[in-house]
Amino acid sequence: MTWHVDEEDLRGYARGELAPPALWSADAHLVACERCRGVLAEFGDAGALQAGWERLDAELDAPRPGRFEGLLVRLGVADHTARLLAATPVLRRSWLGAVVAVLVTTFLVAFSAGAADSPTLFLAFAPLLPLAGVALAYGPGLDPTYEMAVVSPTHGFRLLMIRTVAVLVVGLGLNGLATLALPDYGLRALAWLLPALALTVSGLALAPRLGPVAAPSVVGAVWVAVLFAANAAQTSAGDPLAPFTAAGQGVSAVLAGAGAGLLFLFRDRFDVFPRGAA
Amino acid sequence: MTFTVSASGLSLHYGGTRALDDVSLRLTAGVTGLLGPNGAGKTTLLRVLATAVPPDRGAFTVLGHDPGSARGRQEVRRRLGYLPQTPGFHPDFTAFEFVDYVAILKELTDRGARHREVRRVLEEVGLGDVRGRRIRKLSGGMRQRVALAAALVGDPGFLVLDEPTVGLDPEQRMRFRELIARAGEGRTVLLSTHQTEDVAMLCHRVLVMASGAVRFDGTPAELTARAEGRVWSSTERDPGAKAGWRTGTGSFRNVGEPPAGAELLEPTLEDGYLLTLDGTGAEVAA
C-alpha cells in the first residue's frame, strides 16, 4: 500500500461527515487496507463504525454505471438524474442505430433523386426525428416501467422534461451533424430547427388529450400535409417551400412558444394515466 | 379504529363501460384480499387507489392525504408501494439497478442512503445474492420478487399488489405468500388475486368485486360461512347446483341449494366466493 487515508479524513469518516469524492476514495481504500481499518476502529464508536461498514457494503454492491450513464455523471449530471436518463428507451443503442439509419437513408434519397441542389427532402424529414424520439421517451406501452413511474412521487411532467431534453439533445445533435454535411446550403440547411421544436412541443402538448402515440402521429401527419400543400402552392421550382421561408420560420417559432405555454399549463395531466391507456 | 384508506362512492367509466360503480371501502393494517372474476374492476380499483387514474366521482384518502389535489397526490405517492399486474422492467438493468431506479423515482436522491435501502429490500425478498444479475436472466418468480422489492422501497404504509402470484409455480407462490405476510406486518396491504388460497392463508379481510361493485366485504370466515349448508356431495352432478365438479374421490362436489337429505360438506372460502358471485352477472366457475 503506497498511501493511507489522512487521519483527519478518517475521523470525518468515522463521524459520517466525510463528503464525496473523499468519501468514495476512503471507501475504496478501506476495503484493501488493514492498517487504515485499524486506525478507523480507534476513532469511531461501535455504532458509527457499523454504520460505516454498512455504507461501505452498499457502495461495493452498487452497480458500475454504464458508459452512457458514466458519461453523464462526468459531464456533471447528478447520479440520480443520470440513472433516470439511462432508463430512457429511446437512448438505447438499437434506437440510436435506427435513427442514424433513417438519417443516412434521407441523405441517400435526397442525393440519388438528383436533389443535391436543394436540401428540401432533408428539411422535411429532419423535424420528424426529434418528434418521434420524444414521443418514444415516455408513455404507457413505450416505457416498460411507466405504470410504476406514474404512481411515484416524481412528477410525471418533470420526468418527461428530463427525458425530452435528453432526447432533444441527441436528436438535434444528430440533425446538426447532418446539417454540417451540407455546407453548400449555408444557413438554409438549418431551417429544420424551428419546425422541429414546433412539432415536438405540439406533439407533447397534445399527448394528454390524444394519447402518447396518436398525438405525435397526428402532428407528423399534419406536417407532411403542410409540406404537400406548400409544394402544390410553389410557384417556382427553385424557391424554398413555405415552412422554410422567413415567414414559415416565424410561424414555427410562434407555434413552438404557444405549445410550450400550453404544455406548462396542462403539466398536471402527465401525472396520471392518459384516459385511453388506463 | 384508524383507517389507512377511506373511500366513498368511487365511480369510473371508460366510454360506455362501467369500470367502478359506487365503491366505498375502508382499509386497516394487515392484508386485505380483493377477489373477483376477470373484468370485475379489481385492477381499476387498485389503479384508482394507487393514484394512477382519478375517479369520475367519489373521493378517498390514503393515510390522511387526499389525492384530489396535486400536493395531496404526491403525499399519497410518498407513502405508496405499487406492484402492477404486469410489472415492466428495463431488461438490461441488474436487479440492483432496477430497484435503484425505482428508489430514485421515489425521491431517494442521496446515493449512500439509497443504495442501503436498495440492499435492504433486495435482502428482504431474498434476492441479495443475485442483485448483480441482469433482469433478463432472472426467472419469472425472481422478477416478480424484484418488482416487490421495488414496491417496498421507502417502507410504504400502503402496499398495493395486483395479482402478484399469477404464473408462479407452487413453490414460488408459497414463498411469495411468506413475503406478503411479512409485508403486511405493520402496514396496510391490498392484494388482488384470483387465488382463493392466497386469501384464505394471508388475509384478515376480503372484498369480492363483480361488475365494478363490491359484493362482499368481511372476513374470510364470513365469506366461507356464506356456503354453510350449501355444499353437498353426490354420485352424479346435481342439475340443481349452481356449480359442481368431480373430485379426486370420484364423487361430485355441488354448490348451491342442496336437495333434502343431501350429504352436506364442510364449505371452503372458494365455495363462499362462488355463491357470492352467483346472481351478480359474473360467470360462476364450475
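With an unreviewed UniProt entry as reference, chain B is termed ABC transporter ATP-binding protein, source organism Streptomyces griseicoloratus. Entered under Sequence similarities (unreviewed entry) in the UniProt record, the comment concerning chain B runs "Belongs to the ABC transporter superfamily."

Per an unreviewed UniProt entry, chain A goes by Zf-HC2 domain-containing protein and derives from Streptomyces griseicoloratus.

Structural notes on the UniProt feature "transmembrane region" (unreviewed entry) in chain A
Residue and element names in this part refer to chain A. Within the UniProt annotation, "transmembrane region" (unreviewed entry) is assigned to residues 95-115, 121-139, 160-183, 189-207, 214-234 and 246-266. Strand forms 0% of residues 160-183 and helix 88%; the C-alpha atoms that close the span are 34 Å apart. Along residues 246-266, the helical share is 95% and the strand share 0%, with 30 Å between the first and last C-alpha atoms.

What about the sheet that holds strand β3 (residues 30-35) of chain B?
Residue and element names in this part refer to chain B. Reading across from one edge, β5-β6-β7-β3-β8-β9 is the order of the six strands in this open sheet, with mixed pairing throughout. Each edge of the sheet is formed by a strand with only one pairing partner; in this case those strands are β5 (80-83) and β9 (213-218). For this sheet, the mean angle separating the axes of adjacent strands, direction not counted, is 15°. In this sheet, strand β7 (residues 188-192) lies alongside strand β6 (residues 158-162) in parallel orientation, the contact comprising five bridges. Of the residues in β7, the one forming a bridge with F158 is T188. Where helix α1 (residues 42-49) meets the sheet, its contacts fall on β3, β5, β6, β7 and β8 (205-210), and the angle it forms with β6 comes to roughly 155°.

Considering the sheet that holds strand β2 (residues 17-27) of chain B
All names here are of chain B. A sheet is described by the order of its strands in space; here three strands give the open sequence β2-β1-β4, paired in antiparallel fashion. With partners counted over all chains shown, the strands left at the sheet margins are β2 and β4 (57-62), one partner each. Pairs of neighbouring strands in the sheet enclose a mean axial angle of 20°, with direction left out of account. By the bridge criterion, five bridges tie strand β1 (residues 5-14) to β4 in an arrangement that is antiparallel.

Regarding the interface of chain B and chain A
Between chain B and chain A, the residue contacts involve 43 residues of the former and 37 residues of the latter. Both faces considered, chain B and chain A share a buried interface measuring about 3,700 Å² in area, 58% of it formed by carbon and sulfur atoms. Three residues stand out in chain B for area buried against chain A, namely B:R77, B:L105 and B:R111, and they jointly supply 19% of the buried area on that side. Linking chain B with chain A are five salt bridges, by the criterion used here. One salt bridge connects A:D271 with B:R73, and the closest N-O pair in it is separated by 3.3 Å.

Let's talk about the side chain of A:S202
Inspection of the secondary structure puts A:S202 in helix α12 (residues 193-210). Separated by 2.6 Å, the side chain of A:S202 and the backbone oxygen of A:A198 make a polar contact.

Description of the nonpolar core
Residue and element names in this part refer to chain B. Counting 60 residues, the largest nonpolar core has F98, V99 and V146 as the members making the most contacts within it. When residues in this core are grouped by element, the largest group, nine residues, is from helix α3 (residues 95-105). With 31 residues, the next largest nonpolar core counts V5, L27, V48 and Y82 among its residues.

Here we look at the environment of A:A86
By the secondary structure assignment, A:A86 is in helix α6 (residues 79-86). Along the sequence, A:A86 and A:G70 sit 16 residues apart, while their C-alpha atoms lie 9.6 Å from each other. Setting aside residues up to four positions removed in sequence, A:A86 forms contacts with A:F68, A:E69 and B:F93.

Parameters and conventions
- Residues numbered from 1 in each chain as written.
- Chains lettered and ligands numbered in written order.
- Predicted model: local features only at pLDDT ≥ 70, side-chain atom pairs only at ≥ 80, totals over all residues.
- Heavy atoms only, no water.
- UniProt positions renumbered as here; feature names shortened; annotations may be inferred.
- Helix = DSSP H or I, 4+ residues; strand = E, 2+ residues; numbered from the N terminus.
- Pairing = 2+ DSSP bridges.
- Axes fitted to C-alpha atoms, helices over the stretch in contact; angles between N-to-C directions.
- Contact = heavy atoms within 4.5 Å.
- Buried area = accessible area lost by both parts, 1.4 Å probe.
- Salt bridge = Lys/Arg side-chain N within 4 Å of Asp/Glu carboxyl O.
- Polar contact = N/O pair within 3.5 Å; in protein donor to acceptor, adjacent residues only side chain to side chain.
- Core = buried A, V, L, I, M, F, W, Y, C linked by side-chain atoms within 4.5 Å.
- Buried < 20%, exposed > 50% of the residue type's maximum accessible area, 1.4 Å probe, protein only.

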